Amino acid sequence: MEVKREVLGPAHPEQPGQAPADFRARQLLARDMLRGDLEGEALERFVEQSIMTTTLEKAVSWSQGNSLYPMTFGLACCAIEMMSIVGARMDIARFGWEAFRASPRQADLLILSGRVSVKMAPVIRRIYDQMLEPRWAISMGACCSSMGVFNNYALVPSDKFMPIDVHVPGCPPRPEALMHGILRLRSKIHGHSPDGWRERYDAVGTEEVLPAGEADGTREAAINIFPGGDTAGA
Amino acid sequence: MPDATGLELTAHELRDHSAESILGTDFQRGRAVLLAAPDHITDVLAALMGKGYTFLASLHGVDYYPEEPRLGVLYELLDMHEVDRITVKIRVGIDDPRVPTATGLFPGAEFPEREVYDMFGVVFDGHPDLRRILMPEDFEGFPQRRDFPVGGEPVLFTFNEEQSYGKWQ
């Protein structure tokens, strides 16, 4: 892509406060086109100047990669670094990522920022499953990827229970490192057709199916220890 | 802290009440420790409570492997008027670690006792709700015991990713 750099100054020194003359000319050209006054070679030239062709998949991937909605979800100390990337210094709003969503239904990126305990893993997996496809996940920090200094009975690496697209190393990673991971994920999304994670990682057919009777509610699920309608455990 | 003499006096007072309740005393680095018999722990705590130690600052477990009896439960008591602390320690074996609960005297002992049960497997008789508090409900074993393996999952790096489940692109 060609980058054009210019010294900023008044747009038109001789006509301060007004748009440049060629902009006005294009505006008038567009008006003529909409009126149907443009014909022949002039119309051809106008269309050539105004239209860019691409595939739908590429356009969709481009827009998805530039408007990811991360999930508001912090696990440990890495979350502090994650919070700072929305601040003024790092400012992921430059890439269209700044809208952290409080509901997994509205988010399409899960940043696992911190250590994942055995007790937390099913919760995280549930949040990931609640998100809509296409969805992505970033494993941030040493604990989440390899358990780091907490490599013991209590923790589980995030690869074991959900698909991770980008691992960001560090303890904790600096915000710049997380930014780099996010940009790597963006280029990954741009180069990819907008598939779900099972297509991406060749895992079609590995869906967990509930036993008969559990899906339609005629059999009580083992995990649901309270009868329906009982709010005592809530 | 009671000094060494004060600790002996307290121990004598408790022995007058019930001779076999106090097994010994220990005074090290300015800390007074009463070694109590597990069966009489409720009486000892109640007597100390009557002497002014009304606040249970901490209740925690220890594994003294390879010493026997292996497990210990420590009660850190605080007298908030005299600003005086005393430690009551009991030791139980690993085979059938049973201790009477202190929740009758100190309601705040409920969660610490659940934690000691979770991490060391000490069963507190009479506890209102003895469940695991930190580890998952279906966790097997007591992870803070010294003979419990440290564990941890093998970590996948680039050099061993071929041994992984599934396919990685």
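Preceding this paragraph is the structure being described.
Residues numbered from 1 in each chain as written. Chains lettered and ligands numbered in written order. Predicted model: local features only at pLDDT ≥ 70, side-chain atom pairs only at ≥ 80, totals over all residues. Heavy atoms only, no water.

**Q** I'd like a description of the overall build of chain A, backed by residues and values.
**A** Across its full length, chain A carries 8 helices and 3 strands. Ordered by position in the sequence, the α and β elements of chain A form the string α-α-α-α-β-α-β-α-β-α-α. When each of the 234 residues of chain A is scored for burial, the buried share is 34%. Excluding contacts between residues fewer than 6 apart, the proportion of contacts in chain A whose partners are at least 24 apart in sequence is 73%. Surface summary for chain A: the accessible area is close to 14800 Å², and the carbon and sulfur share equals 56%. (Helix = DSSP H or I, 4+ residues; strand = E, 2+ residues; numbered from the N terminus. Buried < 20%, exposed > 50% of the residue type's maximum accessible area, 1.4 Å probe, protein only. Contact = heavy atoms within 4.5 Å. Areas by Shrake-Rupley, 256 points an atom, 1.4 Å probe, with all protein chains shown as cover.)

**Q** Give a description of the environment of His12(B) that names residues and reports values.
**A** Residues and elements named next belong to chain B. Its place among the elements puts His 12 in helix 1 (residues 4-17). Note on His 12: relative accessible area 45%, which makes it partly exposed. Sequence-wise, His 12 and Ile 22 are 10 residues apart; in three dimensions their C-alpha atoms are separated by 8.7 Å.

**Q** Before we move on, can you summarise the pairing of strand 1 (residues 22-28) of chain B with the specific residues and values?
**A** Residue and element names in this part refer to chain B. Pairing between strand 1 and strand 2 (residues 31-36): 6 bridges, direction antiparallel. Within strand 2, the position partnered with Phe 27 by the bridge is Ala 32. Linkage of strand 1 to strand 2, two consecutive antiparallel strands, is achieved through a turn of 2 residues, within which Arg 29 is found at a positive phi near 50°. (Pairing = 2+ DSSP bridges.)

**Q** So what's going on with the sheet that holds strand 2 (residues 136-140) of chain A? Which residues, and what values?
**A** Residue and element names in this part refer to chain A. Taken in spatial order, the 3 strands of this open sheet run 1-2-3, and their pairing is parallel. If you trace the sheet from one side to the other, it starts and ends with strand 1 (109-113) and strand 3 (166-168), each paired once. With strand direction ignored, the average angle separating the axes of adjacent strands in the sheet is 15°. The sheet contact formed by strand 2 and strand 3 spans 3 bridges and is parallel. The partner of Ile 138 across the bridge, within strand 3, is Val 166. (Axes fitted to C-alpha atoms, helices over the stretch in contact; angles between N-to-C directions.)

**Q** Can you lay out the sheet that holds strand 5 (residues 84-92) of chain B for me, pointing to particular residues and giving the numbers?
**A** Remark on secondary structure: sheet strands pair via backbone hydrogen bonds, oriented parallel or antiparallel. Residues and elements named next belong to chain B. If you trace the 5 strands from one edge of the open sheet to the other, you get 1-2-5-4-3, paired in mixed fashion. Each edge of the sheet is formed by a strand with only one pairing partner; in this case those strands are strand 1 and strand 3 (55-63). Between one strand axis and the next, the sheet turns through 20° on average, direction left out of account. Looking at chain direction, strand 4 (residues 71-79) and strand 5 are connected through 9 bridges and run antiparallel. Paired with Leu 77 across the strands is Ile 86, a residue of strand 5. On the sheet, helix 2 (residues 41-50) packs against strand 1, strand 2, strand 4 and strand 5 and is oriented at approximately 175° with respect to strand 5. Across the sheet, helix 3 (residues 110-120) is in contact with strand 3 and strand 4; its angle to strand 3 comes to roughly 5°.

**Q** Describe helix 5 (residues 121-130) of chain A, naming the residues involved and giving the relevant values.
**A** All names here are of chain A. Of the positions making up helix 5, those classed as buried are Ala 121, Ile 124, Arg 125, Ile 127 and Tyr 128. End-on, the buried residues of helix 5 take up no more than an arc of 160°, which puts them together on one face. Among the exposed residues of helix 5, those pointing more than 90 degrees away from its buried face are Pro 122 and Arg 126. Those residues of helix 5 hidden inside the fold are in contact with strand 1, strand 2 and helix 8 (197-200). (Arc of directions from axis to C-beta.)

**Q** An account of the side chain of Arg70(B) is needed here, citing residue identities and associated values.
**A** All names here are of chain B. By the element assignment, Arg 70 lies in the loop between strand 3 and strand 4. Of note is the side chain of Arg 70, whose polar atom sits 3.2 Å from the side chain of Asp 147. Not counting the four nearest positions on each side in its chain, Arg 70 is found in contact with Val 62, Asp 63, Tyr 64, Tyr 65, Arg 91, Val 92, Gly 93, Ile 94, Arg 145, Arg 146 and Asp 147. (Polar contact = N/O pair within 3.5 Å; in protein donor to acceptor, adjacent residues only side chain to side chain.)

**Q** Residues and numbers for the interface of chain B and chain A, please.
**A** Each partner contributes residues to the interface: chain B has 20 residues there, and chain A has 16 residues. Between chain B and chain A, roughly 1500 Å² of surface is buried when both sides are summed, and carbon and sulfur atoms account for 58% of that area. Remark: the boundary between chain B and chain A carries 4 residue pairs in polar contact (both at pLDDT 80 or more). Each residue belonging to the side of chain B that touches chain A can be placed in one class, and the counts come to 14 nonpolar, 4 polar and 2 charged. (Buried area = accessible area lost by both parts, 1.4 Å probe. Nonpolar A, V, L, I, M, F, W, Y, C, P; charged D, E, K, R; others polar.)

**Q** Tell me about the side chain of Asn66(A), and name the residues and values.
**A** With respect to the secondary-structure elements, Asn66(A) resides in the loop between helix 3 (56-65) and helix 4 (78-84). Discounting residues that sit within four places of it in the chain, Asn66(A) has contacts with Phe95(A), Gly96(A), Arg186(A) and His190(A).

**Q** Can you lay out helix 1 of chain B for me, pointing to particular residues and giving the numbers?
**A** All names here are of chain B. Taking 1.5 Å of rise per residue, the 14 residues of helix 1 would be expected to cover 20 Å, and the 20 Å separating its terminal C-alpha atoms lies within 8% of that figure. Listed as buried for helix 1 are Gly 6, Leu 7, Thr 10, Ala 11 and Leu 14. Axial view of helix 1: buried residues confined to an arc of 140°, hence all on one face. Turned more than 90 degrees from where helix 1 packs its buried face, Thr 5, Leu 9 and Asp 16 sit exposed. The secondary structure elements touched by the buried residues of helix 1 are strand 1, strand 2, helix 2 and strand 5. (Expected span 1.5 Å × (residues − 1).)

**Q** Any chance you could break down the pattern of salt bridges for me, citing the residues and the numbers?
**A** Under the definition given, this model contains 16 salt bridges over all chains. Put simply, Glu76(B) and Arg31(B) hold a salt bridge, and the shortest N to O gap is 3.1 Å. Taken together, the residues Glu76(B) in strand 4 and Arg31(B) in strand 2 connect sequence positions 45 residues apart. Residue classification places Glu76(B) among the buried residues on the basis of a relative accessible area of 15%. Of the charged contacts in the structure, one is a salt bridge between Arg70(B) and Asp63(B), with a shortest N-O distance of 2.7 Å. We classify Arg70(B) as buried; its relative accessible area is 6%. For Asp63(B), a relative accessible area of 8% translates into the label buried. Among the charged side chains, a salt-bridge network with shared partners connects Asp165(A), Lys188(A) and Arg200(A). (Salt bridge = Lys/Arg side-chain N within 4 Å of Asp/Glu carboxyl O.)

In short, shape yes, function no, at least from these values alone.
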